[in-house]
Amino acid sequence: MAHTGAVTKAVVPVAGLGTRFLPATKATPKVMMPIVDKPAIQYVVEEAAGAGLEDVLLITGDNQESIAEHFSRAYELEKALSAKGNDRALNAVRAPTQLAEVSYVRQDSPRGLGHAVLCAADHVGNEPFAVLLGDDLISADDDLLGRMIAARQRYGGSIIALMEVPADQTSAYGVAAFKPTDDADIVAITDLVEKPETSEAPSNWIVIGRYVCDPAIFSVLRETPPGRGGEIQLTDALRTLAVADRDACADGGGVHGVLFRGRRFDTGNKQDFLRTTVEFACARPDLAADFVPWLREYVSALK
Ligand code: UTP
């Protein structure tokens, strides 16, 4: 059965404290940290727009003015670059303003990702919507969001993205229990376990930062008590929907998982942030010719 209600809106929560990147994140939001020469948030808004979601709501916290400035016109700068005839820079300055209709809602205090998503309720209304976390960058070639939107169309309910990791890494993530569907790369979620002991992980498939949520998530979030870290967790609300559907005791539409085998760059921790920066630089035609030979030399000289 095809499920009506197209996904047209993206919600991007960016109100976290970014404690792992202090002091850089003292006055600058974490998602404004550049990967090469673009802030992480621009890659995410590009991904949403690329999947046809041109209504992008950012859930912001303190010190987030620079994000709004990034997605707004900068007339003085544009005038100065134009006077210099620097078209490359002019295009770079204008590009983020042309991607999507970006709007903002403030999360009064960082009470968790689930609470941040709940702040989108008025803007989203009674429609399915995508959630993208700025910490995870997904290669545009993989069209993960497009596949998730198609899965929502086919199965209804909410859709999460799952990625396989080695067994000894599952304890750092939310891990899914699931059963197969008729589609090779889509599974029906039966449970979600947050940061399980390695021996208790129900699979090697972890939840990554892309979601398509049924609007039923809002009423569940309102009833979801603070969980791990005293925060209202999106995973807890999705688990409620998955378990209720499994046990056939509610009609939140259930949760399906899209198995993702493409490239994901986790920029939320320092190690992976550094790796992402190097990989992105090596993939840039305008930088690689100089950067890659330097990198080889640098690495070969490392003790
Ligand atoms: P994280 O758990 O990675 O938290 O949030 P964080 O604050 O960004 O980083 P650390 O752990 O303190 O270093 C995952 C995503 O959810 C958003 C964050 O901005 C991030 O994109 N978030 C989290 C909110 O918008 N509000 C919250 O209350 C919590």
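Residues numbered from 1 in each chain as written. Predicted model: local features only at pLDDT ≥ 70, side-chain atom pairs only at ≥ 80, totals over all residues. Heavy atoms only, no water.

Along the backbone of the chain there are 11 helices and 13 strands. Taken against the 2.2 N^0.38 rule, which gives 19 Å for 303 residues, the C-alpha radius of gyration of the chain at 20 Å falls within 12% of a compact globule. Each of the three principal axes of the chain carries a C-alpha extent, and together these read 65 × 50 × 35 Å. The buried share among the 303 residues of the chain stands at 48%. (Helix = DSSP H or I, 4+ residues; strand = E, 2+ residues; numbered from the N terminus. Rg over C-alpha atoms; globule rule 2.2 N^0.38 Å. Buried < 20%, exposed > 50% of the residue type's maximum accessible area, 1.4 Å probe, protein only.)

Glancing now at the packing of aromatic side chains. Two aromatic rings are characterised by how far apart their centres lie and by the angle between their planes. Summed over all chains, the structure comprises 6 aromatic pairs. Ring plane angle 90° and centroid distance 4.9 Å describe the contact between Phe-265 and Phe-280, whose orientation is recorded as edge-to-face. Within this pair, whereas Phe-265 is found in strand 13 (residues 264–266), its partner Phe-280 is found in helix 10 (residues 270–282), the two being separated by 15 residues in sequence. On the basis of relative accessibility, which here comes to 9%, the residue Phe-265 falls in the buried class. Note on Phe-280: relative accessible area 18%, which makes it buried. By way of ring pairs, the aromatic residues Tyr-43, Phe-265 and Phe-280 are connected into one cluster. Sitting over the ring of Tyr-43, Lys-38 keeps its end group 4.6 Å from the ring centre. (Phe/Tyr/Trp six-rings, centres within 6.5 Å; stacked < 30°, edge-to-face > 60°. Lys NZ or Arg CZ within 6 Å of the ring centre and 35° of its normal.)

As for its position among the elements, Ala-184 is in the loop between strand 9 (174–180) and strand 10 (186–194). Put simply, Ala-184 and Arg-263 are 79 residues apart on the chain and 19 Å apart in space, counted from C-alpha to C-alpha.

A few words on the pattern of salt bridges. It is possible for side chains of opposite charge to pair when their charged atoms get near one another. Across all of its chains, the model carries 20 salt bridges by this definition. Across the salt bridge formed by Arg-275 and Asp-272, the nearest N and O atoms sit 3.0 Å from each other. Highlighted residues: Arg-275 and Asp-272, both in helix 10, separated by 3 residues, approximately one helical turn. Given a relative accessible area of 47%, Arg-275 falls into the partly exposed group. Accessibility expressed as a relative area gives 22% for Asp-272, which makes it partly exposed. Taken together, the shared-partner salt bridges in this structure form one network comprising Asp-37, Arg-284 and Asp-286. (Salt bridge = Lys/Arg side-chain N within 4 Å of Asp/Glu carboxyl O.)

The next subject is the site of the ligand. Lining the immediate environment of the ligand, one finds 16 residues, of which Leu-17, Thr-19, Arg-20, Gln-107 and Gly-112 sit closest. Measuring from an oxygen atom of the ligand, one finds a backbone N or O atom of Arg-111 at 3.2 Å. In the model, an oxygen atom of the ligand is placed 3.0 Å from a nitrogen or oxygen of the Asp-135 side chain. Taking 570 Å² as the accessible area of the ligand by itself, protein coverage stands at 83%. A breakdown of the residues in the shell around the ligand according to their chemical character gives 7 nonpolar, 5 polar and 4 charged. (Near = heavy atom within 4 Å. Polar contact = N/O pair within 3.5 Å; in protein donor to acceptor, adjacent residues only side chain to side chain. Areas by Shrake-Rupley, 256 points an atom, 1.4 Å probe, with all protein chains shown as cover. Nonpolar A, V, L, I, M, F, W, Y, C, P; charged D, E, K, R; others polar.)

Our focus in this paragraph is a nonpolar patch on the surface. Together, Trp-294, Tyr-298, Val-299 and Leu-302 give the surface a local cluster of nonpolar side chains, amounting to about 420 Å² of exposed area. A residue is classified by how much of its surface remains accessible, and Leu-302, at 48% relative accessible area, is partly exposed. (Patch = residues over 30% accessible without salt bridge, like charges linked within 9 Å, V, L, I, M, F, W, Y side chains within 5 Å.)

All right, on to helix 9 (residues 234–246) then. The end-to-end C-alpha distance of helix 9 is 18 Å, a good match for the 18 Å that 13 residues give at a rise of 1.5 Å each. For helix 9, the set of buried residues is Leu-234, Thr-235, Ala-237, Leu-238, Leu-241, Ala-242, Val-243 and Ala-244. Buried residues along helix 9 sit in contact with helix 5 (113–118), strand 8 (158–164), strand 10, strand 11 (205–213), helix 8 (216–223) and strand 12 (255–260). (Expected span 1.5 Å × (residues − 1). Contact = heavy atoms within 4.5 Å.)

Glancing now at the side chain of Arg-210. Structurally, Arg-210 is set in strand 11. Relative accessible area serves as the criterion here: at 0%, Arg-210 is assigned to the buried category. A distance of 2.6 Å separates a polar side-chain atom of Arg-210 from the backbone oxygen of Asp-136.

It is worth spelling out the packing of helix 10 against helix 11 (residues 285–301) at this point. The axes of two packed helices give the description: the angle between them and the distance between them. Contact geometry for helix 10 and helix 11: axes closest at 8 Å, N-to-C directions at 125°. The angle between the axes of helix 10 and helix 11 places the two elements in the oblique class. Listed contacts from helix 11 to Val-278, Ala-281 and Cys-282 of helix 10 are Leu-287, Ala-288, Phe-291, Val-292 and Leu-295. Its residues assigned to classes, the contact of helix 10 with helix 11 shows 8 nonpolar, no polar and no charged. (Axes fitted to C-alpha atoms, helices over the stretch in contact; angles between N-to-C directions. Parallel < 35°, antiparallel > 145°, perpendicular 65-115°, else oblique.)

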